[in-house]
Amino acid sequence: MGFKKLINSKKTLSLFAVFMLFGTNLLMAQSTGAATAGTAADKSDMWLSVGYYVLLFLVACLCVAIFGKILKVYDLTLKMQGKAGFNWNNIMGVCCILFLIAGMYGAYWSLTVQGSMKLPESASVHGVAIDDMFDLTTILTLIVFVITQALLFGFAFFYRGSAKRKAYYYPHNNTIEKIWTVIPAIVLTILVVFGFFTWEKVMDTTPEKGDINIDVTGHQFAWELRYPGPDGKLGNVNYALYTPLNILGIDYKDANSYDDLKADTMVLPVNKVIRLNIHAQDVIHSVFMPHFRVQLNAVPGLPTFFKFTPTITTAQMRAITDNPKFEYLLYCNKICGGAHYNMQKVVRVVTQEEYQEWISRQKPYLTDQLKQELKMNVQPPASLPAAAALKTTVKGHLSSNTLALNN
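Caption draft 1: Quick peek at the overall build of the protein. When helices and strands are counted, the protein shows 11 helices and 11 strands. For the protein, with 407 residues in total, the buried portion stands at 28%. For the protein, long-range pairs separated by at least 24 residues make up 68% of all intrachain contacts whose partners lie at least 6 apart in sequence. As displayed, the protein has an accessible area near 26800 Å², and 66% of this comes from carbon and sulfur atoms.

Caption draft 2: Local environment of the sheet that holds strand 4 (residues 266-269). Pairing in this open sheet of 5 strands is mixed, and the strands run 4-10-9-6-7 from one edge to the other. At either margin of the open sheet sits one strand with a lone partner, and together these are strand 4 and strand 7 (294-298). Shown here is a sheet whose adjacent strand axes are inclined to one another by a mean of 20°, direction ignored. In this structure, strand 6 (residues 285-289) lies alongside strand 7, joined through 5 bridges in antiparallel fashion. The residue of strand 7 that forms the bridge with Val287 is Leu296. Where helix 9 (residues 352-359) meets the sheet, its contacts fall on strand 4 and strand 10 (344-350), and the angle it forms with strand 4 comes to roughly 140°.

Caption draft 3: Representation of the layout of surface pockets within the structure. If you add up the space inside the largest pocket, you get close to 430 Å³. If you go around the largest pocket, you meet 16 residues; those closest to its centre are Lys118, Asp131, Phe134, Asp135 and Thr138. Sorting elements by how many residues they give to the lining of the largest pocket places helix 6 (residues 125-158) first, with 9 residues. Taken as a whole, the second largest pocket holds about 370 Å³ of empty space. Considering the residues around the second largest pocket, the lining is formed by Leu140, Thr141, Ile143, Val144, Ile147, Leu151, Trp180, Ile183, Pro184, Val187, Leu188 and Leu191. Its residues assigned to classes, the lining of the second largest pocket shows 11 nonpolar, 1 polar and no charged.

Caption draft 4: Broad picture of the side chain of Asp260. By the secondary structure assignment, Asp260 is in the loop between strand 2 (222-227) and strand 3 (261-263). Separated by 2.5 Å, the side chains of Asp260 and Arg226 make a polar contact. Within the structure, the side chain of Asp260 is placed 3.0 Å from the backbone nitrogen of Gly235, a separation counted as a polar contact. The residues contacting Asp260, other than those within four sequence positions of it, are Arg226, Tyr227, Pro228, Gly229, Lys233, Leu234, Gly235, Pro364 and Tyr365.

Conventions adopted
Residues numbered from 1 in each chain as written. Predicted model: local features only at pLDDT ≥ 70, side-chain atom pairs only at ≥ 80, totals over all residues. Heavy atoms only, no water. Helix = DSSP H or I, 4+ residues; strand = E, 2+ residues; numbered from the N terminus. Buried < 20%, exposed > 50% of the residue type's maximum accessible area, 1.4 Å probe, protein only. Contact = heavy atoms within 4.5 Å. Areas by Shrake-Rupley, 256 points an atom, 1.4 Å probe, with all protein chains shown as cover. Pairing = 2+ DSSP bridges. Axes fitted to C-alpha atoms, helices over the stretch in contact; angles between N-to-C directions. 1 Å grid on protein atoms, 1.4 Å probe; cavity = no way out; pocket = protein on both sides within 12 Å on 5 of 7 lines; lining within 4 Å. Points joined across faces, edges and corners; volume = space filled by probe spheres on them. Nonpolar A, V, L, I, M, F, W, Y, C, P; charged D, E, K, R; others polar. Polar contact = N/O pair within 3.5 Å; in protein donor to acceptor, adjacent residues only side chain to side chain.

Geometry only, nothing functional implied.
Dropping the structure here:
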């Protein structure tokens with residue numbers, strides 16, 4: 001009867017289905033790995049997947065449940081024989097101490113092993129303050145974690161149920177209430193105030209002389225970069241002007257647009273203030289450069305910007321990380337579609353001299369094909385200065401000795 005009830009249990013059938021699903025998945029993965037790779041190392045790697053660890057966890061839970069049932073049956077058998085059964089209070093108390101020890105070791109292992117995988121030192125000015133905030137918060141929460149867990153499981157062990165003493169009902173204590181209310185309030189206030197002033201510095205939008213404006217535009221699934229030309233100014237953009245050639249919708253009625261430059265790599269001069277003007281053309285993306293502690297969403301129709309100052313060149317970071325192939329990267333930190341994983345752009349920090357040499361080799365967005373598309377049929381005389389050639393007149397029309405837009 002009991003066996004029939006077990007078979008008809010929906011929970012049992014659901015658990016069996018989960019086991020079969022993961023088991024079949026893993027066996028097929030192993031077979032595929034063996035067929036394609038043909039080596040023991042490749043086969044073992046196929047097993048180290050999320051499904052494997054979920055299945056392992058379920059097996060462990062099942063083993064614990066079976067072991068508990070065996071103990072319970074044995075305990076009932078002892079009582080039926082007139083013997084003293086298990087002292088479950090002692091068993092649970094010891095289990096709490098063992099769990100505390102195992103948990104503390106797990107926390108120590110996580111801090112030492114996984115903690116060593118953290119990012120290297122910040123490569124931007126504001127990133128240092130962010131790291132300081134993170135370290136301070138981590139230290140405080142770690143102290144609270146150790147104290148509370150030791151008290152929680154320590155009390156469960158030392159004050160476990162016993163026939164020699166009776167539980168004391170202690171419903172309220174104003175002093176204790178004040179202590180564990182006031183102390184966290186003070187600590188959290190310090191963290192919030194510290195974070196507020198740090199945020200004010202990070203988000204300081206005061207224009208500075210020598211700022212370098214760079215447009216970063218996200219679309220599925222790439223980043224487009226636009227640098228200002230010799231005039232140091234970026235032209236306007238308008239989504240309605242988008243074409244296969246004018247992929248950013250640059251408005252060439254704005255004279256500042258003519259010398260804007262296109263780049264495949266984001267190159268930044270060290271110790272210079274960089275302003276990233278962030279755009280998105282389709283869905284929400286997110287500009288994420290972890291080594292600079294930079295992240296800000298790119299939202300369609302809502303241009304945003306972020307300012308930071310890189311402090312460590314790529315060459316210096318390669319020496320710090322002992323990795324000659326190291327590169328800073330610009331990622332998308334929003335799951336924006338099927339090829340989201342591949343939405344990356346190399347970011348290279350160089351000296352001012354290297355930056356000037358690099359920027360001088362970049363090509364303008366305004367290509368010959370785009371000129372034909374926009375019907376720019378009048379070229380400026382070579383004798384005129386560039387500034388005069390780019391001067392516009394009323395309603396976007398150009399004078400006879402400047403470029404003309406016939407669109």
